[in-house]
Amino acid sequence: MIKQELKNIDELRILREPVEGEMLVNMGPQHPSTHGVLNFLLVTDGEVMHRAVPHIGYLHRGIEKLAEQTEYAGFMPFTDRIDYLAAMAANQAYAMAVEKLAGYVVPERAEFLRVIACELNRIASHLVATGSMAMDIGAVTPFIHWIREREYINEITEELCGSRLTYNYCRIGGVSHDLPATLAGKILLWLDHFEPIIDEFDRLITHNEIFVHRLADVCAISAQNATGYGLVGPNLRASGVDWDLRRDKPYSVYDRFDFNIVLGKGFRGAVGDSYDRFVVRVLEMRESCKILRQALVALPAGEIRSKVPRVIKPPVGETYAAVEAPRGELGYYVVSDGVSSKPYRVKIRTGSFTAMSIIESLSKGVMIADLVAIIGSLDVVAPEVDR
Amino acid sequence: MSVLEGMAVTFSWLFRRPYTVQWPDKIPEPLEKTLPATYRGLLEVDTRICTACLACEKACPIEVIAIEVDRNSETKERHIVRFDVDAAKCMYCGLCVEQCPTDAIHHTTLFAATTPDIGDLVLTFIKPGERALPFKPKDAPPAAIERGAITQALLDSRRGVE
Amino acid sequence: MWKLTQEFIHKFIPAFEHAWLAYIAGALVAALALLAFASLFAGLASYVERRIAGRIMSRVGPNRVGPQGLFQFVADGLKLVMKEDLVPAGADPILFRIAPYFVFAGMFGTFVVLPFGAHLVAADLDVGIFYLMAITSFVVLGIMLGGWSSNSKWSLFGGLRSAAQIISYEIPAGIALLSVAIFAGTLSTQGIINAQGGLPWDWFAFHSPFSLVAFVIYFIAALAEGNRTPFDLPEAESELVAGYCTEYSGFRFVVFFFAEWANLWIMSAISVLCFLGGWKIPFVNAPEAYSGWLWILLGFVIFSVKTLALVTVVMQLRWTLPRFRLDQMMNLCWKYLIPGAFAALLGTMTVMALFSWDSPAGIAIRFCTFLVGALVVLYYIWRIVANYRADSANYKKLTGQSMWYPPWRLP
């Protein structure tokens, strides 16, 4: 493996000089359509690419190292920033990891509240993912409509926990704020408004012939390739692999809800192409609406936090806990040395990192306009890649 | 045809109410009053009810709060000499507010914190030279003031606004 | 129109008695008037598009600069003119500087033959339509020069894509206009309008189903010529920032900007005059009736209304449709539009040969085609109402306010 890396470094050095008949174009860190600061070095022959080499690290903030200097409970706000579009999932995964390590039990109402917040966050994240995919293809209007719907979700979470983007909602042992009945009513009213809006979005863009032809049959990823590269989340399910952590490794109270796992089945082209990934995300939003309705009805009374000490010192050990974030499996590997109140090591596994790794192999023979579609359809966000 | 359907959707939006809130001049009341009470805006400390337990200082993951308590060795009296909150570094996570037993430190609904110099954003709730007695449970609770008034007054004085 | 100007000048300024002097003076006056009109339209069109785009996206467009934001385009123009005059390092010094003016010339030259009213045309050339097709080809030159001389790979992409697009789409546009010329029997623009009537079923678009197809093909091809979505690959904002005009700033950018917006008017105006009856007033068909200035003014108003309606449709298309990829766009042109345009041409010729304009069969065909068009419009309106109703009740419950907020109620 080390020899492979060295070989790539040599290749990169050679890439710096232009080759006869090829163009070296830099799709730089500042670009309207790479989601965040990602850099791609494209070797193209006009419009058709030969290679696309990704360069990452522009958004590296050393969060995993910061974890070694922050107490367990104090690290929760940092987990928001790993993927600010799916902050609730990151919160929940970290809380689950530390609770497993220390042996705390979360009250039932807190579990339901975590599910409600996580599904709202899933809808919000998919709104951004599908909207920015539409925007990259050229239709600006659906993106702005989705940002408006996200504003409703932001207002709901603002009333719930005080913040619109970096929620810091989960605590070790429960959640931080309770859900008043008026807010539950508001969520239900919003769901009544939102589900027809998804239908309208479908009429506007999902079934639009131009949009379909832009995305169908573009970079179909087979199920074998998807599992080989370690793709997770909607990317994996769009290739036909039936794997969802909420059903296959149930955590929290997901086993009490009735929802479908959306699989890509070649809606307008090959199985696992970009259009499948798009439609899977839109359909997952509808499934999240279903889960939300069930959770709001079944919400039990009770406490929202169990008694945990002010300074948490878990016993010696290591654990891994993962949730099904909107971008796939978001997992925390926490190592504790039993003595200090700060973790010894926290390793974060994100879905966008593996999605980034497949882009280079997909990019042979593909046009630059399609590269933009691929990055959008794989839903790569820079903070998850670089942490 | 799907194009015609898309055009119909777009045209129907021309007749719908826009979502824009035209802040700050074309709204009926200031935005700070319409935000929910749980909103995590700028921090505010009511030093009259602070018990100087230092729980907020320990809870903050990035050491934004700086409190100095001076203990007179003869009279065994404690005075709070300094209570600084660096509003520029604060990430508004709310961990300090959760730990406070008397709700002395709390979030306000203020969000506009522009000052001419970044040093002005360090909110000094105990002015240099003053001392405050920590609150004791047997004391009578002081008169309630409007949430956000202390921080707003601090920021206004920094901006030179009366 | 320049004849009128000539007489005007003869009457009041006796010094201008020599014909060539009056000719040049008349030409200058006409050019300045057209330039003023085009600039005003370009600025206002950019403002109106931003307001319409805002309302489509559930927000408000610019509304701060001046009453309801009306002076936004003045502010934008002033800002751009006051910017630093950048020429990128390594850019070709001469080509970079002259590229915008090719685009401007290609676009502005078309205003000469556009008939704004019965006798309101700057120069009624005998080869009107042919001249239009020829002079819009200048734009390709300007875009390619701009893309190449910017010394940036992304600009080069934009320039080449645009060249391929414009050159390809001139063919279906030309063939569609050829069917117009065959119908009217003349290439001159005033002649084409005189061959049509005022009522919708007297327009060329509803002459037969083939001419309806020709109208649609011309409209799509004109969209592609003007680099408007869904054909805006050259300036694909999410890929190339601004394509061939990325490196331009200041006054040169104003020229590109102006050319793009004025092109909206041109493509709509050509569609209106060729297919939708131009300035003809319904029920007033005799050319002699158009000598009074009131009738001329009414004709101008009708022409403007029709053109503005089409301009609004073009603007709305931009905010609804995603853009094509390069090879899909080329496929569309060469595999679908060109055979379609040829079929429309042959069909129009056949219908013209078989059924004359006044025969009962001819009138019946025209009326039926008009009914088809009207049904499409009615279906469109029904879908608009259905889309609005799908959400209005839930919105009222969620926010407590009514959702009805028509565009004429300015915030």
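The preceding data block contains the structure.
Residues numbered from 1 in each chain as written. Chains lettered and ligands numbered in written order. Predicted model: local features only at pLDDT ≥ 70, side-chain atom pairs only at ≥ 80, totals over all residues. Heavy atoms only, no water.

**Q** So what's going on with the nonpolar core? Which residues, and what values?
**A** Counting residues in each nonpolar core, the largest one holds 231 residues, and the members touching the most others are A:Leu179, A:Trp190, A:Tyr332, B:Phe83, C:Phe111 and C:Phe275. Per element, the largest residue contribution to this core is 15 residues, and it comes from helix 11 (residues 251-275) of chain C. Those residues within four positions of B:Phe83 in sequence are excluded, and the remaining contacts are B:Val45, B:Cys50, B:Cys56, B:Ile65, B:Ala66, B:Ile67, B:Leu123, B:Thr124, B:Phe125 and B:Ile126. (Core = buried A, V, L, I, M, F, W, Y, C linked by side-chain atoms within 4.5 Å. Buried < 20%, exposed > 50% of the residue type's maximum accessible area, 1.4 Å probe, protein only. Helix = DSSP H or I, 4+ residues; strand = E, 2+ residues; numbered from the N terminus. Contact = heavy atoms within 4.5 Å.)

**Q** Hey, could you go over the sheet that holds strand 3 (residues 48-55) of chain A for me, with residue numbers and the actual values?
**A** Sheet architecture is open: three strands sit in the order 1-2-3 (chain A), paired in antiparallel fashion. Since the sheet does not close on itself, it has two edges, and those belong to strand 1 (23-27) and strand 3 of chain A, each with one partner. Neighbour-to-neighbour, the strand axes of this sheet turn through a mean angle of 20°, independent of strand direction. Here strand 1 of chain A pairs with strand 2 (residues 39-45) of chain A via five bridges, running antiparallel. The residue bridging A:Met27 from the neighbouring strand is A:Phe40, located in strand 2 of chain A. Across the sheet, helix 14 (residues 368-378) of chain A touches strand 1, strand 2 and strand 3 of chain A, and the angle it forms with strand 2 of chain A is around 150°. Relative to strand 1 of chain A, helix 7 (residues 153-184) of chain C is tilted by about 105°, and along the sheet it contacts strand 1 and strand 2 of chain A. (Pairing = 2+ DSSP bridges. Axes fitted to C-alpha atoms, helices over the stretch in contact; angles between N-to-C directions.)

**Q** Go over the packing of aromatic side chains, please, and point to the residues and values.
**A** For the structure shown, the criterion picks out 44 aromatic pairs over all chains. Their ring planes at 10° and their centres at 5.6 Å tell us that A:Phe75 and A:Phe78 sit as a pair that is stacked. Between A:Tyr152 and B:Tyr19, the aromatic rings sit 5.2 Å apart at their centres with planes inclined by 75°, giving edge-to-face as the arrangement. Pair noted here: A:Tyr152 is in helix 6 (residues 141-161) and B:Tyr19 is in the loop between helix 1 (2-13) and helix 2 (31-34), and the two residues belong to different chains. Here A:Tyr152 falls in the buried class, since its relative accessible area comes to 7%. Here the aromatic residues A:Trp146, A:Trp190, A:Phe194, A:Phe201, A:Phe211, A:Tyr275 and A:Phe278 are joined through ring pairs into a cluster of three or more. Above the ring of B:Trp13, the side-chain terminus of B:Arg16 is found at 4.0 Å from the ring centroid. The lysine or arginine in question, C:Arg383, covers the ring of C:Trp382, its NZ or CZ lying 5.3 Å from the ring centre. (Phe/Tyr/Trp six-rings, centres within 6.5 Å; stacked < 30°, edge-to-face > 60°. Lys NZ or Arg CZ within 6 Å of the ring centre and 35° of its normal.)

**Q** A description of the pairing of strand 2 (residues 65-71) of chain B should follow, citing residues and the corresponding values.
**A** Residues and elements named next belong to chain B. Relative to strand 3 (residues 78-86), strand 2 runs antiparallel, the two sharing seven bridges. By the bridge assignment for strand 3, Val-69 is matched with Ile-80. Where strand 2 hands over to strand 3, the hairpin turn is made up of six residues, of which Lys-76 adopts a positive phi near 55°.

**Q** Go over the pattern of salt bridges, please, and point to the residues and values.
**A** Residues and elements named next belong to chain A. What the rule picks out here adds up to 46 salt bridges over all chains. One salt bridge connects Asp-242 with Arg-247, and the closest N-O pair in it is separated by 3.0 Å. Residue Arg-247 is classed as partly exposed on the basis of its relative accessible area of 37%. What you see here is one network of salt bridges that share partners, running through Glu-119, Arg-122, Arg-237, Asp-244, Arg-246, Glu-284 and Glu-324. (Salt bridge = Lys/Arg side-chain N within 4 Å of Asp/Glu carboxyl O.)

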